[in-house]
Amino acid sequence: MKRILCLLLALGLCLLMVPSVRAETEQVPQAVEQVRQSLVHLYGIGTDSETGQQSRWTGTGFAVGIAGEDSDIFLTNWHVATGSGKYADDQVELWLLKDDAKFGPDQRPLTGCAVKCRVLITTDGYPDVAVIQALAPVSGCKALPLLSSRRVSDGTTVYALGFPGLKAIQNSGPEDAAINCGQVQDHLIMTRAGGSQAVIHSAAIEHGFSGGPLVDERGVVVAQNAYGFEQDVSTDLFCAVYIDYGMKLLDQLNISYTIADGPSRITVLMANLLHMPDISPILAAILFALALALVLGFILYFIKTAKQAQAELRQWLARRREKKEDAHED
(Lines give C-alpha, C1' and ligand atoms only; values in the text may rest on other atoms or scores of the structure.)
Protein backbone atom coordinates (compact mmCIF):
# COMPACT_ATOMS: atom_id res chain seq x y z
CA MET A 1 0.00 0.00 0.00
CA LYS A 2 2.81 2.41 0.91
CA ARG A 3 4.54 1.76 -2.42
CA ILE A 4 1.32 2.50 -4.32
CA LEU A 5 0.78 5.74 -2.41
CA CYS A 6 4.36 6.86 -3.03
CA LEU A 7 4.03 6.07 -6.74
CA LEU A 8 0.79 8.04 -7.05
CA LEU A 9 2.28 10.99 -5.17
CA ALA A 10 5.38 11.04 -7.35
CA LEU A 11 3.29 10.89 -10.51
CA GLY A 12 1.13 13.75 -9.23
CA LEU A 13 4.18 15.91 -8.51
CA CYS A 14 5.56 15.24 -11.98
CA LEU A 15 2.29 16.32 -13.57
CA LEU A 16 2.24 19.48 -11.47
CA MET A 17 5.59 20.42 -12.98
CA VAL A 18 4.11 20.46 -16.50
CA PRO A 19 4.16 24.14 -17.50
CA SER A 20 0.93 25.83 -18.55
CA VAL A 21 1.11 27.64 -21.87
CA ARG A 22 -0.56 31.03 -22.13
CA ALA A 23 -0.70 33.36 -25.12
CA GLU A 24 0.01 36.87 -23.84
CA THR A 25 -1.13 39.78 -25.95
CA GLU A 26 -1.64 43.46 -25.35
CA GLN A 27 -4.41 43.64 -27.92
CA VAL A 28 -8.04 43.19 -26.98
CA PRO A 29 -9.41 40.05 -28.66
CA GLN A 30 -11.76 40.67 -31.56
CA ALA A 31 -14.50 38.75 -29.77
CA VAL A 32 -14.29 41.20 -26.87
CA GLU A 33 -14.33 44.18 -29.24
CA GLN A 34 -17.55 42.82 -30.71
CA VAL A 35 -19.17 42.91 -27.27
CA ARG A 36 -19.36 46.71 -27.64
CA GLN A 37 -22.14 46.20 -30.19
CA SER A 38 -24.26 44.53 -27.51
CA LEU A 39 -23.98 47.34 -24.94
CA VAL A 40 -26.43 50.15 -24.22
CA HIS A 41 -25.83 53.42 -22.40
CA LEU A 42 -28.58 53.86 -19.82
CA TYR A 43 -29.76 57.19 -18.45
CA GLY A 44 -32.18 57.65 -15.59
CA ILE A 45 -34.05 60.45 -13.84
CA GLY A 46 -35.76 60.07 -10.50
CA THR A 47 -38.22 62.59 -9.06
CA ASP A 48 -38.91 62.91 -5.35
CA SER A 49 -42.72 62.76 -5.03
CA GLU A 50 -42.69 65.08 -1.99
CA THR A 51 -40.11 67.74 -2.90
CA GLY A 52 -40.14 67.45 -6.69
CA GLN A 53 -36.36 67.40 -6.73
CA GLN A 54 -34.74 65.34 -9.46
CA SER A 55 -31.52 63.36 -9.68
CA ARG A 56 -29.80 61.82 -12.67
CA TRP A 57 -27.60 58.82 -13.15
CA THR A 58 -26.12 56.64 -15.87
CA GLY A 59 -25.18 53.00 -16.22
CA THR A 60 -24.58 50.24 -18.71
CA GLY A 61 -26.69 47.34 -19.90
CA PHE A 62 -26.07 44.44 -22.25
CA ALA A 63 -28.34 42.47 -24.56
CA VAL A 64 -29.41 38.96 -23.59
CA GLY A 65 -31.38 36.27 -25.38
CA ILE A 66 -30.38 33.89 -28.17
CA ALA A 67 -26.71 34.71 -28.80
CA GLY A 68 -26.10 36.60 -32.03
CA GLU A 69 -29.73 37.64 -32.53
CA ASP A 70 -31.08 41.17 -32.11
CA SER A 71 -32.65 41.68 -28.69
CA ASP A 72 -34.61 44.33 -26.84
CA ILE A 73 -34.01 42.66 -23.45
CA PHE A 74 -31.09 43.85 -21.34
CA LEU A 75 -29.47 43.05 -18.02
CA THR A 76 -28.24 45.86 -15.80
CA ASN A 77 -27.93 46.64 -12.09
CA TRP A 78 -30.95 47.17 -9.86
CA HIS A 79 -29.56 50.54 -8.74
CA VAL A 80 -29.31 51.65 -12.39
CA ALA A 81 -32.84 50.54 -13.26
CA THR A 82 -34.49 52.07 -10.18
CA GLY A 83 -32.22 54.83 -8.92
CA SER A 84 -31.22 52.62 -5.99
CA GLY A 85 -34.85 52.28 -4.94
CA LYS A 86 -35.05 55.87 -3.68
CA TYR A 87 -38.08 56.75 -5.79
CA ALA A 88 -41.55 55.38 -6.42
CA ASP A 89 -41.74 53.22 -9.54
CA ASP A 90 -43.84 55.78 -11.39
CA GLN A 91 -41.31 58.51 -10.55
CA VAL A 92 -38.40 56.83 -12.32
CA GLU A 93 -37.71 57.31 -16.03
CA LEU A 94 -35.13 55.20 -17.81
CA TRP A 95 -33.78 55.61 -21.33
CA LEU A 96 -31.42 53.85 -23.67
CA LEU A 97 -29.32 56.68 -25.14
CA LYS A 98 -28.40 56.92 -28.79
CA ASP A 99 -25.07 58.28 -29.93
CA ASP A 100 -24.67 62.09 -29.72
CA ALA A 101 -27.84 62.35 -27.65
CA LYS A 102 -29.20 65.85 -27.04
CA PHE A 103 -31.10 66.97 -23.94
CA GLY A 104 -33.77 69.56 -23.24
CA PRO A 105 -33.91 72.13 -20.42
CA ASP A 106 -35.60 69.52 -18.21
CA GLN A 107 -32.55 67.25 -18.72
CA ARG A 108 -34.63 64.66 -20.54
CA PRO A 109 -33.43 63.34 -23.92
CA LEU A 110 -34.91 65.08 -26.93
CA THR A 111 -37.21 63.14 -29.25
CA GLY A 112 -35.26 60.69 -31.37
CA CYS A 113 -32.21 60.76 -29.09
CA ALA A 114 -33.18 57.89 -26.82
CA VAL A 115 -35.44 54.88 -26.41
CA LYS A 116 -37.63 54.61 -23.33
CA CYS A 117 -37.22 51.45 -21.24
CA ARG A 118 -39.36 49.60 -18.75
CA VAL A 119 -38.25 47.45 -15.84
CA LEU A 120 -39.44 43.84 -16.11
CA ILE A 121 -38.05 42.41 -12.88
CA THR A 122 -35.35 43.16 -10.28
CA THR A 123 -33.75 41.59 -7.23
CA ASP A 124 -35.13 44.54 -5.22
CA GLY A 125 -31.75 45.38 -3.70
CA TYR A 126 -28.81 43.03 -3.46
CA PRO A 127 -27.49 41.20 -5.41
CA ASP A 128 -28.27 44.29 -7.51
CA VAL A 129 -29.59 42.87 -10.79
CA ALA A 130 -32.45 43.94 -13.07
CA VAL A 131 -33.95 42.95 -16.40
CA ILE A 132 -35.23 45.81 -18.58
CA GLN A 133 -36.85 46.04 -22.01
CA ALA A 134 -36.64 48.74 -24.66
CA LEU A 135 -40.08 50.04 -25.65
CA ALA A 136 -39.01 50.42 -29.29
CA PRO A 137 -36.92 48.19 -31.56
CA VAL A 138 -33.16 48.44 -31.05
CA SER A 139 -31.38 47.29 -34.18
CA GLY A 140 -27.89 45.87 -34.05
CA CYS A 141 -27.87 44.91 -30.36
CA LYS A 142 -26.88 41.26 -30.46
CA ALA A 143 -27.54 39.07 -27.43
CA LEU A 144 -24.45 37.80 -25.63
CA PRO A 145 -23.88 34.21 -24.47
CA LEU A 146 -23.72 33.63 -20.69
CA LEU A 147 -21.65 31.27 -18.55
CA SER A 148 -22.23 30.50 -14.89
CA SER A 149 -19.73 32.39 -12.72
CA ARG A 150 -19.13 29.14 -10.83
CA ARG A 151 -17.38 27.80 -13.91
CA VAL A 152 -14.81 30.60 -14.11
CA SER A 153 -11.51 29.79 -12.46
CA ASP A 154 -9.26 32.17 -10.56
CA GLY A 155 -6.58 33.67 -12.81
CA THR A 156 -8.85 33.80 -15.87
CA THR A 157 -8.29 36.89 -18.05
CA VAL A 158 -11.45 39.01 -18.07
CA TYR A 159 -12.60 42.32 -19.52
CA ALA A 160 -14.92 44.87 -17.89
CA LEU A 161 -16.93 46.95 -20.37
CA GLY A 162 -19.03 50.04 -19.81
CA PHE A 163 -19.90 53.56 -20.80
CA PRO A 164 -18.56 56.71 -19.14
CA GLY A 165 -20.63 58.52 -16.52
CA LEU A 166 -22.56 61.78 -16.66
CA LYS A 167 -19.47 63.78 -17.68
CA ALA A 168 -19.51 62.16 -21.13
CA ILE A 169 -23.21 61.49 -21.47
CA GLN A 170 -23.32 62.32 -25.20
CA ASN A 171 -20.81 59.57 -25.94
CA SER A 172 -23.16 56.63 -26.31
CA GLY A 173 -21.97 54.88 -29.46
CA PRO A 174 -20.42 51.40 -29.38
CA GLU A 175 -16.97 52.87 -29.93
CA ASP A 176 -17.38 54.97 -26.77
CA ALA A 177 -17.61 51.94 -24.49
CA ALA A 178 -14.40 51.43 -22.55
CA ILE A 179 -12.72 48.05 -22.15
CA ASN A 180 -10.49 47.32 -19.16
CA CYS A 181 -8.52 44.09 -18.82
CA GLY A 182 -7.73 42.19 -15.64
CA GLN A 183 -7.82 38.79 -14.01
CA VAL A 184 -10.18 36.93 -11.73
CA GLN A 185 -8.68 36.97 -8.24
CA ASP A 186 -11.25 35.13 -6.17
CA HIS A 187 -14.88 34.10 -5.65
CA LEU A 188 -16.39 35.51 -2.46
CA ILE A 189 -19.65 35.89 -0.59
CA MET A 190 -20.06 39.61 0.09
CA THR A 191 -21.53 39.87 3.60
CA ARG A 192 -21.94 43.65 3.29
CA ALA A 193 -23.86 43.18 0.05
CA GLY A 194 -26.62 40.95 1.34
CA GLY A 195 -24.53 37.78 1.07
CA SER A 196 -24.22 38.16 -2.70
CA GLN A 197 -21.85 35.81 -4.49
CA ALA A 198 -19.30 37.75 -6.48
CA VAL A 199 -16.27 37.43 -8.72
CA ILE A 200 -13.39 39.57 -7.46
CA HIS A 201 -11.24 40.81 -10.31
CA SER A 202 -8.69 43.44 -11.31
CA ALA A 203 -10.38 44.81 -14.47
CA ALA A 204 -11.10 48.41 -13.46
CA ILE A 205 -14.78 49.38 -13.09
CA GLU A 206 -15.24 53.08 -13.78
CA HIS A 207 -18.15 55.41 -13.09
CA GLY A 208 -20.91 54.45 -15.50
CA PHE A 209 -19.83 50.79 -15.78
CA SER A 210 -22.54 49.64 -13.36
CA GLY A 211 -24.62 46.86 -14.89
CA GLY A 212 -22.18 46.16 -17.70
CA PRO A 213 -20.70 42.76 -18.51
CA LEU A 214 -17.52 41.10 -17.34
CA VAL A 215 -16.49 38.85 -20.22
CA ASP A 216 -13.79 36.31 -20.97
CA GLU A 217 -11.54 36.30 -24.03
CA ARG A 218 -14.34 34.72 -26.08
CA GLY A 219 -16.75 37.58 -25.33
CA VAL A 220 -18.84 35.36 -23.07
CA VAL A 221 -20.43 37.07 -20.06
CA VAL A 222 -19.10 35.46 -16.87
CA ALA A 223 -20.29 38.06 -14.32
CA GLN A 224 -21.96 41.46 -14.07
CA ASN A 225 -20.11 44.61 -13.02
CA ALA A 226 -21.40 46.09 -9.78
CA TYR A 227 -19.03 48.11 -7.59
CA GLY A 228 -15.53 48.61 -6.26
CA PHE A 229 -14.24 48.27 -2.75
CA GLU A 230 -13.82 51.05 -0.19
CA GLN A 231 -10.42 52.71 -0.40
CA ASP A 232 -9.31 51.33 2.96
CA VAL A 233 -9.87 47.82 1.57
CA SER A 234 -8.55 47.99 -2.01
CA THR A 235 -8.42 50.36 -4.96
CA ASP A 236 -7.14 47.71 -7.36
CA LEU A 237 -9.87 45.09 -7.02
CA PHE A 238 -13.47 45.22 -8.15
CA CYS A 239 -16.63 43.25 -7.66
CA ALA A 240 -18.88 41.64 -10.27
CA VAL A 241 -21.92 39.72 -9.06
CA TYR A 242 -22.54 36.23 -10.36
CA ILE A 243 -24.27 36.20 -13.74
CA ASP A 244 -26.29 33.33 -12.29
CA TYR A 245 -28.53 35.91 -10.61
CA GLY A 246 -29.42 37.42 -13.97
CA MET A 247 -29.97 33.97 -15.45
CA LYS A 248 -32.40 33.20 -12.63
CA LEU A 249 -34.41 36.37 -13.37
CA LEU A 250 -34.54 35.48 -17.07
CA ASP A 251 -35.79 32.01 -16.14
CA GLN A 252 -38.56 33.56 -14.04
CA LEU A 253 -39.62 35.61 -17.07
CA ASN A 254 -39.38 32.55 -19.38
CA ILE A 255 -36.89 34.43 -21.56
CA SER A 256 -34.61 32.10 -23.51
CA TYR A 257 -30.87 32.76 -23.50
CA THR A 258 -27.71 31.03 -24.67
CA ILE A 259 -25.44 29.25 -22.20
CA ALA A 260 -21.88 29.07 -23.48
CA ASP A 261 -19.60 26.07 -23.17
CA GLY A 262 -17.17 26.23 -20.30
CA PRO A 263 -14.81 24.15 -18.21
CA SER A 264 -16.22 21.42 -16.00
CA ARG A 265 -16.51 21.90 -12.25
CA ILE A 266 -13.59 19.49 -11.82
CA THR A 267 -11.39 21.59 -14.12
CA VAL A 268 -12.33 24.79 -12.25
CA LEU A 269 -11.72 23.10 -8.89
CA MET A 270 -8.25 21.92 -9.86
CA ALA A 271 -7.40 25.24 -11.55
CA ASN A 272 -8.25 27.12 -8.36
CA LEU A 273 -6.45 24.68 -6.08
CA LEU A 274 -3.28 24.69 -8.18
CA HIS A 275 -3.49 28.34 -9.35
CA MET A 276 -3.34 27.14 -12.96
CA PRO A 277 -6.15 28.93 -14.87
CA ASP A 278 -5.05 27.41 -18.18
CA ILE A 279 -4.93 23.82 -16.97
CA SER A 280 -6.19 21.41 -19.62
CA PRO A 281 -9.33 19.39 -18.88
CA ILE A 282 -7.36 16.15 -19.35
CA LEU A 283 -4.65 17.16 -16.87
CA ALA A 284 -7.30 18.39 -14.42
CA ALA A 285 -9.15 15.08 -14.66
CA ILE A 286 -5.90 13.11 -14.13
CA LEU A 287 -4.93 15.19 -11.10
CA PHE A 288 -8.42 14.93 -9.68
CA ALA A 289 -8.34 11.16 -10.11
CA LEU A 290 -4.93 11.05 -8.44
CA ALA A 291 -6.21 13.15 -5.57
CA LEU A 292 -9.17 10.83 -5.14
CA ALA A 293 -6.84 7.83 -5.28
CA LEU A 294 -4.61 9.36 -2.62
CA VAL A 295 -7.55 10.12 -0.37
CA LEU A 296 -8.96 6.64 -0.90
CA GLY A 297 -5.54 5.14 -0.25
CA PHE A 298 -5.19 7.02 3.02
CA ILE A 299 -8.70 5.96 4.05
CA LEU A 300 -7.97 2.30 3.27
CA TYR A 301 -4.62 2.52 5.05
CA PHE A 302 -6.33 4.08 8.08
CA ILE A 303 -9.00 1.35 8.09
CA LYS A 304 -6.36 -1.37 7.82
CA THR A 305 -4.30 0.19 10.61
CA ALA A 306 -7.36 0.59 12.79
CA LYS A 307 -8.33 -3.06 12.26
CA GLN A 308 -4.80 -4.17 13.15
CA ALA A 309 -4.85 -2.04 16.28
CA GLN A 310 -8.25 -3.45 17.20
CA ALA A 311 -7.01 -7.03 16.70
CA GLU A 312 -3.91 -6.35 18.81
CA LEU A 313 -6.08 -4.83 21.54
CA ARG A 314 -8.29 -7.90 21.56
CA GLN A 315 -5.26 -10.18 21.79
CA TRP A 316 -3.86 -8.15 24.68
CA LEU A 317 -7.19 -8.26 26.52
CA ALA A 318 -7.40 -12.02 25.92
CA ARG A 319 -3.87 -12.56 27.29
CA ARG A 320 -4.70 -10.43 30.32
CA ARG A 321 -7.83 -12.48 31.02
CA GLU A 322 -5.80 -15.70 30.72
CA LYS A 323 -3.25 -14.42 33.24
CA LYS A 324 -6.00 -13.48 35.68
CA GLU A 325 -7.61 -16.90 35.29
CA ASP A 326 -4.25 -18.63 35.86
CA ALA A 327 -3.61 -16.52 38.94
CA HIS A 328 -7.06 -17.31 40.30
CA GLU A 329 -6.51 -21.08 39.85
CA ASP A 330 -3.20 -20.87 41.71
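Right above here is the structure, for reference.
Summary of the structure given here.

1. Focus: the overall build of the protein chain
Within the protein chain, the regular secondary structure consists of 6 helices and 12 strands. Each of the 330 residues in the protein chain was classed as buried or not, and the buried ones make up 45%. Here the contacts in the protein chain between residues at least 6 apart in sequence split such that 66% fall between residues at least 24 apart. A total accessible area of about 18100 Å² is found for the protein chain, and carbon and sulfur atoms account for 55% of it.

2. A short note on the side chain of D154
Mapped onto the elements, D154 comes out in the loop between β6 (130–134) and β7 (157–162). A relative accessible area of 16% places D154 in the buried class. Polar contacts involving the side chain of D154 include one to the side chain of H187, which spans 3.0 Å.

3. A closer look at the packing of aromatic side chains
On inspection of all chains with the given rule, the structure shows 3 aromatic pairs. Look at Y43 and W95: their rings are 5.8 Å apart centre to centre, the planes differ by 35°, and that puts the pair in the tilted class. Separated by 52 residues along the polypeptide, Y43 in strand β1 (residues 39–47) and W95 in strand β4 (residues 92–97) bring together distant segments of the chain. Here the two residues Y43 and W95 agree in accessibility, since each one is buried. Residues W57 and Y87 carry aromatic rings whose centres are separated by 6.1 Å and whose planes lie at 15° to one another, so their mutual orientation is stacked. Of this pair, W57 sits in strand β2 (residues 54–63) while Y87 sits in the loop between α3 (78–82) and β4, and the two are 30 residues apart along the sequence. What links up through ring pairs into an aromatic cluster is the set Y43, W95 and F103.

4. Brief notes about the sheet that holds β7
Ordered in space as β7-β8-β9-β12-β11-β10, the 6 strands form a closed barrel in which the pairing is antiparallel. In this sheet, neighbouring strand axes are inclined to one another by 45° on average, regardless of whether the strands run parallel or antiparallel. With 4 bridges joining them, strand β9 (residues 196–201) and strand β12 (residues 238–242) adopt antiparallel strand pairing. What sits directly across from A198, in β12, is V241.

5. With respect to the sheet that holds β2
The sheet built from 6 strands closes into a barrel, its strands ordered β1-β2-β3-β6-β5-β4 with antiparallel pairing. Strand-to-strand, the axes of this sheet are offset by a mean angle of 40°, without reference to chain direction. Relative to β6, strand β3 (residues 73–76) runs antiparallel, the two sharing 4 bridges. Its bridge partner lying in β6, T76 is registered against A130.

6. A look at a nonpolar patch on the surface
On the surface, a nonpolar cluster with roughly 570 Å² of combined accessible area is contributed by V295, L296, I299, L300, F302 and I303. Relative to the assigned elements, V295 resides in helix α6 (residues 281–329). The class of V295 is partly exposed, set by a relative accessible area of 46%.

About the thresholds
Residues numbered from 1 in each chain as written. Predicted model: local features only at pLDDT ≥ 70, side-chain atom pairs only at ≥ 80, totals over all residues. Heavy atoms only, no water. Helix = DSSP H or I, 4+ residues; strand = E, 2+ residues; numbered from the N terminus. Buried < 20%, exposed > 50% of the residue type's maximum accessible area, 1.4 Å probe, protein only. Contact = heavy atoms within 4.5 Å. Areas by Shrake-Rupley, 256 points an atom, 1.4 Å probe, with all protein chains shown as cover. Polar contact = N/O pair within 3.5 Å; in protein donor to acceptor, adjacent residues only side chain to side chain. Phe/Tyr/Trp six-rings, centres within 6.5 Å; stacked < 30°, edge-to-face > 60°. Pairing = 2+ DSSP bridges. Axes fitted to C-alpha atoms, helices over the stretch in contact; angles between N-to-C directions. Patch = residues over 30% accessible without salt bridge, like charges linked within 9 Å, V, L, I, M, F, W, Y side chains within 5 Å. Salt bridge = Lys/Arg side-chain N within 4 Å of Asp/Glu carboxyl O.

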